[in-house]
Amino acid sequence: MIKKILVANRGEIAIRVMRTCREMGIKSVAVYSEADRSSMHVRYADEAYCIGPAPSNESYLVIDNIIDAAKRCHADAIHPGYGFLSENAGFADRCEQEGIIFIGPSSHAINTMGDKITARQKMLGAGVPVVPGTSEPIQEIDKAIKVIKEIGLPVMVKASAGGGGKGMRLIHEESEIEPGIKAAQSEALAAFGNDAVYIEKYINSPHHIEFQVLADKHGNCIHLFERECSVQRRHQKVVEETPSPIMTPEVRKEMGAHAVAAARAVNYASAGTIEFIVDDNLNYYFLEMNTRLQVEHPITERVVGVDLVKEQINIANNLPLRYKQEDLKQNGHAIEVRIYAEDPDNNFMPSPGKVMHITEPLGLGVRHDGYVYEGYTIPMFYDPMISKLIVWAPTRKEAVERMKRALYAYKITGIKTSIPFLSRVMNTPAFVEGRYNTHFIQDNQQYLEPKDDASQKIRDVAAITAFVDYISKIESKTRVSSNGSSVSNWKAFGRKKSLNRL
Ligand code: MV4
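It should be emphasised that the depicted structure is a prediction, and the values quoted were computed from it without experimental measurement.

1. Description of the sheet that holds strand 1 (residues 4–7)
What the 5 strands build is an open sheet, ordered 3-2-1-4-5; its pairing is parallel. With partners counted over all chains shown, the strands left at the sheet margins are strand 3 (47–50) and strand 5 (101–102), one partner each. As judged from the 3 bridges shared by strand 1 and strand 4 (residues 77–79), these two strands associate in the parallel manner. Counterpart to Val 7 in the pairing with strand 4 is His 79.

And the structure:
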């Protein structure tokens, strides 16, 4: 049984994992870069080891340094969190070679799902719907043109080693095919050292809906329903919610079964996520699998009532899953927003720096997963996400209202954050009504732009008018000074002060 876990991560997710360790009586070990000496995850852990200079490729991404720390403290296992080494098959293998448990799936599962062409082939074999397109790397332009004529324009060219929006290209017309493919190939080679690209039919204005799965090492696999993640900006998720406002019980059941089939196809054993793109008619297609714990996992935890990190640790301990599919149901509604240290009113410019004051929202149905504290300086070396605010309520309407209340109560000074932007999202009719897809932010700019708006100007004018009115009332009560001239109280006050100075 695992007694000590090294958390190979930083920030909110390191603390999130350590919280569950503490509940399970497992010791937690932090690793930190030189820029993170005073970071909260170091304080929260039972032990901490420095693993190198600030840049992540000299610290959080250096496998040798992390393995060294794990050996020094005799950790039984490593939890990679998300990002950094969490989807690095070589790291998972290295842990195994060193006799340290990697809390995550096998390197086989990571490798198969990490290569999007092999993932498509696996899904086709498992009967999981994929977007119409190619299942081999594009070698010759002539063949590509033939395939594109079959599936019809527009199409997307995607890098097999890509994912999350990296190395994608949209092709609208025939003349763009050859230059598009060539450009995608050289981009993919430069970015991933692999020039394999494939073609998919373009799905216009899709939803991004993903299914959480849990699988153990005894062949049991379940899904924990969906998360709607269509509110994204430049392939960064901004808001996630569950249940999805567009889902029906029938489609949910079918997609859940396909998500389980997808995980089974790679002998998956851990927590994982199957991403689908879904059109307005609820046709859905496998997009990719994320072989890690995801940022937005708390909304599933809240609605399904499962601690996903605890289950990951139990699975790593070879325990069989303690839930059966029939045991699980969605209870109420949860929404998460991601808070970034960015200025939403200045083109989302990064805003690192010192946090002067922070008041976190509390109260019924509110969870806050963060790590910054008063006086903490947010380093500029890492992801600008500083926290996640998660709310739960019995209904979607109440969850939106609760999120507005929590955002109102959330105060951070010293740095700029995306909180004002998130409040505007919560007040946008398409979001409030649950009618949105991946074009939400683009389509609702009028609601999401900073309010240099008329209503603010009206409030300013009203304030000035009230002030002038107030002054004039004071002026009317002017007293008569001893020399007989009429002097206002304000002027008298000013004179008194200047006299005091003499
Ligand atoms: C697509 C697509 C339309 N058609 N594939 C973007 C991230 C990467 N995971 C896949 N992405 C997309 N793939 C086909 N065949 C549209 C997107 C897409 C998108 C997907 C999910 C969430 C937000 C998105 C924003 C723009 C484009």
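2. Structural notes on the side chain of Thr 300
Considering the arrangement of structural elements, one finds Thr 300 in helix 10 (residues 297–305). Within the structure, the side chain of Thr 300 is placed 2.9 Å from the side chain of Arg 227, a separation counted as a polar contact. In contact with Thr 300, other than residues within four places in its own chain, are Gln 212, Leu 224, Arg 227, Thr 242, Gly 305 and Leu 308.

3. Observations regarding the pairing of strand 11 (residues 236–242)
Counting buried positions over the 7 residues of strand 11 gives 6, a clear majority of the element. As paired elements, strand 10 (residues 221–233) and strand 11 share 4 bridges and run antiparallel to each other. The partner of Arg 233 across the bridge, within strand 11, is Gln 236. Where strand 10 folds back on strand 11, the antiparallel hairpin that results is connected by 2 residues, among which Arg 234 adopts a positive phi of roughly 50°. Examined bridge by bridge, strand 11 and strand 14 (residues 333–340) share 4 bridges and lie antiparallel to one another.

4. Brief notes about the site of the ligand
In the vicinity of the ligand there are 18 residues, among which Lys 158, Glu 200, Lys 201, Ile 203 and Gln 232 approach most closely. In the environment of the ligand, a nitrogen atom lies 2.9 Å from a nitrogen or oxygen atom belonging to the side chain of Glu 200. Taking Ile 203, its main chain carries an N or O atom lying 2.9 Å from a nitrogen atom of the ligand. Its free accessible area being 520 Å², the ligand has 90% of it covered by the protein chains. Sorting the residues of the shell around the ligand by element identifies strand 6 (155–163), strand 8 (197–201), strand 12 (271–278) and strand 13 (284–290) as the ones contributing at least two each. In terms of residue class, the shell around the ligand is made up of 7 nonpolar, 6 polar and 5 charged.

5. Looking at the environment of Lys 310
Tracing the backbone through its elements, the reader meets Lys 310 in helix 11 (residues 308–316). In sequence terms Lys 310 and Glu 23 are 287 residues apart; their C-alpha atoms lie 9.0 Å from each other.

6. A few points about the side chain of Lys 116
Within the secondary structure, Lys 116 is located in helix 6 (residues 116–125). There is no salt bridge for the buried Lys 116, and the closest opposite charge comes from Glu 288, which lies 4.1 Å off by N-O distance. Residues in contact with Lys 116, not counting those within four places in the same chain, are Ala 159, Ser 160, Gly 162, Gly 163, Tyr 198 and Glu 288.

7. A word on the packing of helix 5 (residues 107–114) against helix 6
Working note: a packed helix pair is described by the angle between its axes plus the distance between those axes. Running from amino to carboxyl end, helix 5 crosses helix 6 at an angle of 100°, the nearest separation of the two axes being 5 Å. Looking at the two axes, helix 5 sits roughly perpendicular to helix 6. Together, Thr 112, Met 113 and Gly 114 of helix 5 and Lys 116, Thr 118, Ala 119, Lys 122 and Met 123 of helix 6 make up the contact between the two elements. Split by residue class, the contact of helix 5 with helix 6 holds 3 nonpolar, 3 polar and 2 charged.

8. Details of empty space enclosed by the protein
For the structure shown, the criterion picks out 1 cavity of 30 Å³ or more. Its volume calculated, the largest cavity comes out at about 40 Å³. Lining the largest cavity are 13 residues, with Ile 103, Gly 104, Arg 292, Leu 293 and Gln 312 positioned closest to its centre. Its residues placed into classes, the lining of the largest cavity shows 5 nonpolar, 7 polar and 1 charged. In this structure, the lining of the largest cavity is formed jointly by two domains, domain 1 (4–103) and domain 3 (207–448), each of which donates at least three residues.

9. Here we look at the pairing of strand 1
Going residue by residue along strand 1, you find Lys 4 and Leu 6 tucked away on one face and Ile 5 and Val 7 tucked away on the opposite face as well. Pairing of strand 1 with strand 2 (residues 27–32) involves 4 bridges; the strand directions are parallel. Considered in strand 2, the bridge of Leu 6 is made with Val 29. In the classification by handedness, the crossover that spans strand 1, the intervening helix 1 (residues 11–23) and the parallel strand 2 is right-handed.

10. Describing the confidence of the model for the protein
When the pLDDT values of the protein are averaged, the result is 92; 90% of them are 70 or greater. Every residue in residues 478–502 scores below 50 in pLDDT, and together they form 18 contacts with partners more than four places removed in sequence or on other chains.

11. Structural notes on the sheet that holds strand 8
Spatially, 3 strands are ordered 7-6-8 in an open sheet, and the strand pairing comes out antiparallel. Edge positions in the open sheet fall to strand 7 (166–171) and strand 8, since each of these has one partner strand only. Taken pair by pair, the neighbouring strands of this sheet meet at an average axis angle of 25°, ignoring direction. Note: strand 6 against strand 8, 5 bridges, orientation antiparallel. Paired with Val 155 across the strands is Lys 201, a residue of strand 8. Sheet strands in contact with helix 8 (residues 177–192) are strand 6, strand 7 and strand 8, and its direction is about 175° off that of strand 7.

Rules used throughout
- Residues numbered from 1 in each chain as written.
- Predicted model: local features only at pLDDT ≥ 70, side-chain atom pairs only at ≥ 80, totals over all residues.
- Heavy atoms only, no water.
- Pairing = 2+ DSSP bridges.
- Helix = DSSP H or I, 4+ residues; strand = E, 2+ residues; numbered from the N terminus.
- Polar contact = N/O pair within 3.5 Å; in protein donor to acceptor, adjacent residues only side chain to side chain.
- Contact = heavy atoms within 4.5 Å.
- Buried < 20%, exposed > 50% of the residue type's maximum accessible area, 1.4 Å probe, protein only.
- Near = heavy atom within 4 Å.
- Areas by Shrake-Rupley, 256 points an atom, 1.4 Å probe, with all protein chains shown as cover.
- Nonpolar A, V, L, I, M, F, W, Y, C, P; charged D, E, K, R; others polar.
- Lys, Arg positive; Asp, Glu negative; His and termini not counted.
- Salt bridge = Lys/Arg side-chain N within 4 Å of Asp/Glu carboxyl O.
- Axes fitted to C-alpha atoms, helices over the stretch in contact; angles between N-to-C directions.
- Parallel < 35°, antiparallel > 145°, perpendicular 65-115°, else oblique.
- 1 Å grid on protein atoms, 1.4 Å probe; cavity = no way out; pocket = protein on both sides within 12 Å on 5 of 7 lines; lining within 4 Å.
- Points joined across faces, edges and corners; volume = space filled by probe spheres on them.
- Domains from an automatic or database assignment.
- Right-handed = clockwise from strand over helix to strand, strands pointing away.
- pLDDT = per-residue confidence, 0-100.

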